[in-house]
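Chain by chain, the residues:
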Amino acid sequence: MFKEFTEYFIKINLAFFFLFIGFNVHADSISERTWDHIATQFKELPLKFRPNPLWFWNDTKIEEEELIKQIKSFKVSGYGGLSILPFGPNFSPKYLTSEYLDYYKTCVKEAEKQGMTMWLYDEYGFPSGSGGLHNADGISRFGLQHPDHVIKRLDMIEHTPHDKTIDLEIPPGIFMASVAMDTINFRRIDLSPYIQDNRIQWKLPEGSWKIMFFVCKNDEAIVDYLDPEAAKLFVDMTHERYAESMGDYFRATIRGTFFDEPTLYRASGRSWTALFNDKFEEKYGFSPSLYYPALWYDIGDETVEARNYLFGFRAELYAEGYTKVVGEWSRRHGLRATGHQDNEEMINPVGISGDLMKSFKYLDIPGIDKIGGNRPAEHFYKIVSSAAYNWDHSMVMSETYGAMGNLDWDDIYSIAMDQYAKGINLLIPHAVWYDTSNVVFEPELSSRNPLYADRLLEFNNYLTRLNVLLQNEGRWVGDIAVLYPIETMQGEHYMDGPLGYYQGGVKIPGMDYVDVGIHLFDSLGYDFMYLHPEVLDNQCTVQNEKLVLNNETQFNRFSILVVPGVKTISLSNLQKIHAFIKNGGSVIFTSRLPEKGTKKEDDQAVKNMMADIFRFNSQTKSYGSLSNSMQGKAFFVPKDKIKNIGDALIDTDIDFQLQFTGSHQAKSIHKHVFNKNIWFIINPEKKPIDLVIKINGHFDFELWDPHTGETSRPGNINHKQGITFVQIALEANRSLFLVEKQ
């Protein structure tokens with residue numbers, strides 16, 4: 001079952017070498033860190049693996065003596081570094097002034113002296129992109145310096161003509177398109193050739209016409225996240241100031257950059273950019289003008305195609321704009337970049353992050369925010385960690401605990417272990433505060449808080465041990481992929497939806513991909529990776545009965561692909577899925593089956609291919625329709641029977657790498673690190689469980705306890721016909737590592 005480990009061993013070590021030679025979150029090179037080092041570090045807990053919390057410089061005047069005192073106390077509490085976040089209208093000294101940078105440099109020097117590290121938080125307040133507009137002093141330093149490079153809002157101005165001719169002035173703003181649409185048959189005409197002297201004069205053909213103008217206007221004084229040139233100006237205003245002042249400390253003491261909460265929901269959820277049309281035409285070879293009405297209206301049988309083109313391209317611009325620019329600047333300076341989107345918890349991300357997975361395509365360390373307010377970020381950890389693996393990254397960040405109130409220790413541990421089991425390996429605690437009398441977002445996680453003082457060091461030791469084993473270029477391993485249904489969401493999204501821009505605008509029917517993930521991982525104990533359609537096309541091949549992700553580091557061989565409820569799928573994706581089934585793979589479709597292509601011309605081909613995969617009869621009510629013409633298996637699980645996905649997994653006859661065969665399930669993640677297999681297994685519940693674990697292959701194991709640092713041999717382990725069985729009693733709210741012993 002694990003022949004691929006040997007097959008790829010040379011490949012993975014070469015990948016490690018080239019990844020580490022450029023930059024690393026730690027100073028170790030791959031040749032300096034072996035399992036002997038890991039075993040020692042698991043006991044000794046070096047500072048470089050200790051958590052680095054956000055440090056709010058909150059709404060007060062800071063003093064050098066107090067800064068140094070707090071840094072020392074944070075180290076004693078088990079922290080290994082800090083990320084400074086200036087915050088509040090009364091913060092002093094003024095942001096980015098020489099005095100401010102002097103105080104900041106004082107902290108960097110003290111961190112160096114203490115052996116600690118720093119991450120550069122790129123904003124005053126949040127979100128990133130203004131230099132003080134929100135949660136700060138209300139001044140957009142970026143907007144004052146670069147008023148033409150702020151967020152743009154796309155407006156539609158429409159007219160219903162009552163005469164046979166129109167004579168209309170072009171509305172103010174940056175002109176994007178003007179289209180006439182017959183509301184009966186959806187015929188559309190580009191009116192831009194009729195523009196003269198800033199007016200349109202046009203004689204209407206027969207029909208029921210609506211005239212639409214589309215213009216961009218400046219909105220909030222925050223950087224245009226879609227425009228790389230605007231992002232570079234922001235980086236020049238912020239990041240470069242730190243480089244000029246303390247660039248000598250980059251890489252050794254200052255290890256990375258951190259951005260906070262960029263989003264597309266600003267500008268009333270209609271964020272756009274002035275060069276959209278030019279860049280679109282450069283990529284696709286035609287003007288997008290006739291597609292613009294689909295951003296608001298049904299335009300007939302081209303609606304899905306138009307929306308996938310426009311929203312898909314906006315998502316590309318978003319990924320290639322601010323996030324990519326910050327990432328490239330960081331790498332040039334020997335740093336790694338991390339950050340997270342705002343409102344990641346929306347099932348439909350089109351109006352929020354464009355495409356949550358793709359938004360991290362160019363980021364070294366994709367991230368997420370676990371905060372209060374009943375926001376279920378835990379349902380989306382797997383999307384962010386999968387984005388990392390899809391684009392061949394290994395580090396995943398979470399900013400955790402902010403505004404969750406004074407959590408008890410059980411909840412603090414439970415949240416952390418759930419994150420690490422779902423692929424996060426850089427937990428940034430939110431937060432410690434300069435002025436503890438004015439904490440805005442509890443908990444305050446320093447030893448000055450009597451609620452946490454007694455056990456804070458113990459908890460930070462726990463996180464450190466998790467980091468020692470998981471904070472590396474280790475390869476995720478699993479049997480199941482789940483297709484990320486962004487093409488369906490793009491095809492059914494539109495502007496100014498009924499939910500409002502902050503909630504994503506539009507609820508897409510049949511979107512079950514989050515529910516599928518919850519059921520697989522949390523209920524059944526099967527780990528999985530979301531696959532982005534672009535990655536399925538470009539990085540995956542069918543090899544015999546496997547779907548192979550051909551990355552350098554995060555390569556994998558999937559036995560099962562789950563296609564959650566989708567209406568729309570690219571023909572190229574479906575062709576690969578068809579080939580996978582034909583070659584012996586297993587595919588489980590859920591809730592609703594694909595019926596449209598991302599292009600109108602592919603609709604019939606999609607229907608024909610689905611008919612070839614499935615041969616339904618009127619009696620089919622649950623999963624289990626199998627195309628007899630294929631070597632593999634295909635199942636359909638209706639939405640009202642989603643729990644039957646477990647039965648479908650059993651009927652695939654796949655020999656899973658790990659299964660919990662007793663009466664209790666657990667959550668786990670499997671990593672392959674330095675040619676060793678390790679499983680991190682958690683019990684975040686408030687009662688103990690007895691686990692019976694079946695693992696394919698003949699293994700000898702050690703148990704590494706991240707709570708205590710102790711290592712031991714399993715009390716009950718046996719082997720039968722190439723299978724290893726391990727029995728483990730896991731206490732309430734505890735976790736452990738199952739480490740291959742060679």
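Residues numbered from 1 in each chain as written. Predicted model: local features only at pLDDT ≥ 70, side-chain atom pairs only at ≥ 80, totals over all residues. Heavy atoms only, no water.

(A) A look at the packing of aromatic side chains. Applying the stated criterion to the full structure yields 66 aromatic pairs. Each ring, one from Phe276 and one from Phe280, has its centre 6.2 Å from the other, and the planes form 20 degrees; the classification is stacked. Residue Phe276 and its partner Phe280 are both found in helix α9 (residues 276–284); the two are separated by 4 residues, about one turn of the helix. Judged on exposure class, the residue Phe276 and its partner Phe280 are both buried. What links up through ring pairs into an aromatic cluster is the set Phe214, Trp272, Phe276, Phe280, Tyr284, Phe286, Tyr291, Tyr292, Trp296, Tyr309 and Phe313. (Phe/Tyr/Trp six-rings, centres within 6.5 Å; stacked < 30°, edge-to-face > 60°. Helix = DSSP H or I, 4+ residues; strand = E, 2+ residues; numbered from the N terminus. Buried < 20%, exposed > 50% of the residue type's maximum accessible area, 1.4 Å probe, protein only.)

(B) How the structure looks around the environment of Arg141. Looking at the element boundaries, Arg141 is found in helix α6 (residues 141–145). For Arg141, a relative accessible area of 13% gives the class buried. The contacts of Arg141, once residues within four sequence positions are left out, are Tyr95, Tyr124, Ser130, Gly131, Gly132 and Met237. Of note is the side chain of Arg141, whose polar atom sits 2.7 Å from the backbone oxygen of Gly131. (Contact = heavy atoms within 4.5 Å. Polar contact = N/O pair within 3.5 Å; in protein donor to acceptor, adjacent residues only side chain to side chain.)

(C) Summary view of empty space enclosed by the protein. Taken as a whole and judged by the stated rule, the model has 6 cavities of 30 Å³ or more. The greatest single-element share of the lining of the largest cavity, amounting to 3 residues, is contributed by strand β28 (residues 667–673). Of the residues belonging to the lining of the largest cavity, the class tally is 7 nonpolar, 5 polar and 2 charged. (1 Å grid on protein atoms, 1.4 Å probe; cavity = no way out; pocket = protein on both sides within 12 Å on 5 of 7 lines; lining within 4 Å. Points joined across faces, edges and corners; volume = space filled by probe spheres on them. Nonpolar A, V, L, I, M, F, W, Y, C, P; charged D, E, K, R; others polar.)

(D) Inspection of the pattern of salt bridges at higher detail. Counting across every chain of the model gives 37 salt bridges. A salt bridge links Asp653 to Lys633; the shortest N-O distance between them is 2.6 Å. Linking Asp653 in the loop between α19 (645–651) and β27 (658–660) with Lys633 in strand β26 (residues 633–638), this pair joins segments that are 20 residues apart in sequence. Put simply, Arg153, Asp155, Asp219, Arg270 and Asp496 are held in one network by salt bridges that share partners. (Salt bridge = Lys/Arg side-chain N within 4 Å of Asp/Glu carboxyl O.)

(E) Here's a closer look at the pairing of strand β4 (residues 150–159). Of all 10 residues making up β4, 7 are buried, and the element is well covered by its neighbours. Two strands pair when backbone bridges link them, and β4 and strand β10 (residues 209–223) are joined in this way by 9 bridges, in the antiparallel orientation. Residue Arg153 lies in a different strand from β10, and its bridge partner there is Lys217. Note: β4 against strand β12 (residues 271–272), 2 bridges, orientation antiparallel. Bridge pairing in β12 places Arg153 opposite Ser271. (Pairing = 2+ DSSP bridges.)

(F) How the structure looks around the sheet that holds β28. Strand order across the open sheet formed by 6 strands is β18-β28-β29-β35-β31-β32, with antiparallel pairing between neighbours. Pairing within the sheet leaves two strands with one partner each, and these edge strands are β18 (475–476) and β32 (711–712). As paired elements, β28 and strand β29 (residues 676–683) share 7 bridges and run antiparallel to each other. Residue pairing across strands places His672 opposite Asn677, the latter belonging to β29.

(G) Spotlight on the nonpolar core. Counting 186 residues, the largest nonpolar core has Trp55, Trp57 and Phe680 as its most contacted members. If you tally residues by element for this core, the top one is helix α10 (residues 303–332), at 11 residues. Apart from the residues within four sequence positions on either side, Trp57 is in contact with Ile62, Leu67, Ile84, Leu85, Pro86, Phe87, Phe91, Tyr100, Tyr103, Tyr104, Cys107 and Tyr434. Ranked by size, the runner-up nonpolar core spans 17 residues in total, among them Leu658, Ile695, Leu703 and Leu738. (Core = buried A, V, L, I, M, F, W, Y, C linked by side-chain atoms within 4.5 Å.)

(H) Main features of the side chain of Lys382. With respect to the helices and strands, the residue Lys382 is situated in helix α11 (residues 381–390). The buried category is assigned to Lys382, whose relative accessible area is 4%. At 2.7 Å, the side chain of Lys382 forms a polar contact with the backbone oxygen of Phe528. Contact partners of Lys382, with chain neighbours within four places excluded, come to Lys422, Trp476, Asp527, Phe528 and Tyr530.

(I) Geometry of the packing of helix α3 (residues 35–44) against helix α13 (residues 456–470). In the contact formed by α3 and α13, the axes pass within 9 Å of each other and the chain directions differ by 175 degrees. Classified by the angle their axes make, α3 and α13 are roughly antiparallel. Residue-level inspection shows Trp35, Ile38, Gln41 and Phe42 of α3 in contact with α13, the latter providing Arg465, Val468 and Leu469. Here the residues of the contact of α3 with α13 sort into 5 nonpolar, 1 polar and 1 charged. (Axes fitted to C-alpha atoms, helices over the stretch in contact; angles between N-to-C directions. Parallel < 35°, antiparallel > 145°, perpendicular 65-115°, else oblique.)

(J) Representation of the sheet that holds strand β22 (residues 546–549) within the structure. Taken in spatial order, the 3 strands line up as β21-β22-β23 in an open sheet, and their pairing is antiparallel. Each edge of the sheet is formed by a strand with only one pairing partner; in this case those strands are β21 (540–543) and β23 (556–558). Adjacent strand axes in the sheet meet at a mean angle of 30 degrees, parallel and antiparallel pairs treated alike. Judged from the 4 bridges that link them, β21 and β22 form a sheet pairing that is antiparallel. From the neighbouring strand, Val542 faces β22, where its bridge partner is Leu547.

(K) Highlighting the pairing of strand β34 (residues 723–730). As judged from the 8 bridges shared by strand β30 (residues 689–696) and β34, these two strands associate in the antiparallel manner. Pairing of Asn696 across the sheet is with Ile723, part of β34. Of the pairings in the sheet, the one linking strand β33 (residues 716–720) to β34 comprises 5 bridges and is antiparallel in character. Residue pairing across strands places Asn718 opposite Phe725, the latter belonging to β34. A loop of 2 residues connects β33 with β34, the two strands running antiparallel in sequence, and Gln721 in this loop sits at a positive phi of about 50 degrees.

(L) How the structure looks around the packing of helix α5 (residues 98–114) against helix α8 (residues 239–246). Where α5 meets α8, the axes come as close as 10 Å, and the angle between the chain directions of the two elements is 60 degrees. Classified by the angle their axes make, α5 and α8 are oblique. The two elements α5 and α8 cross, and the hand of that crossing is right-handed. Facing α5, whose interface residues are Tyr100, Leu101, Tyr104, Lys105 and Val108, α8 presents Arg241, Tyr242, Ser245 and Met246. (Left-handed = near helix turned anticlockwise from the far one by under 90°.)

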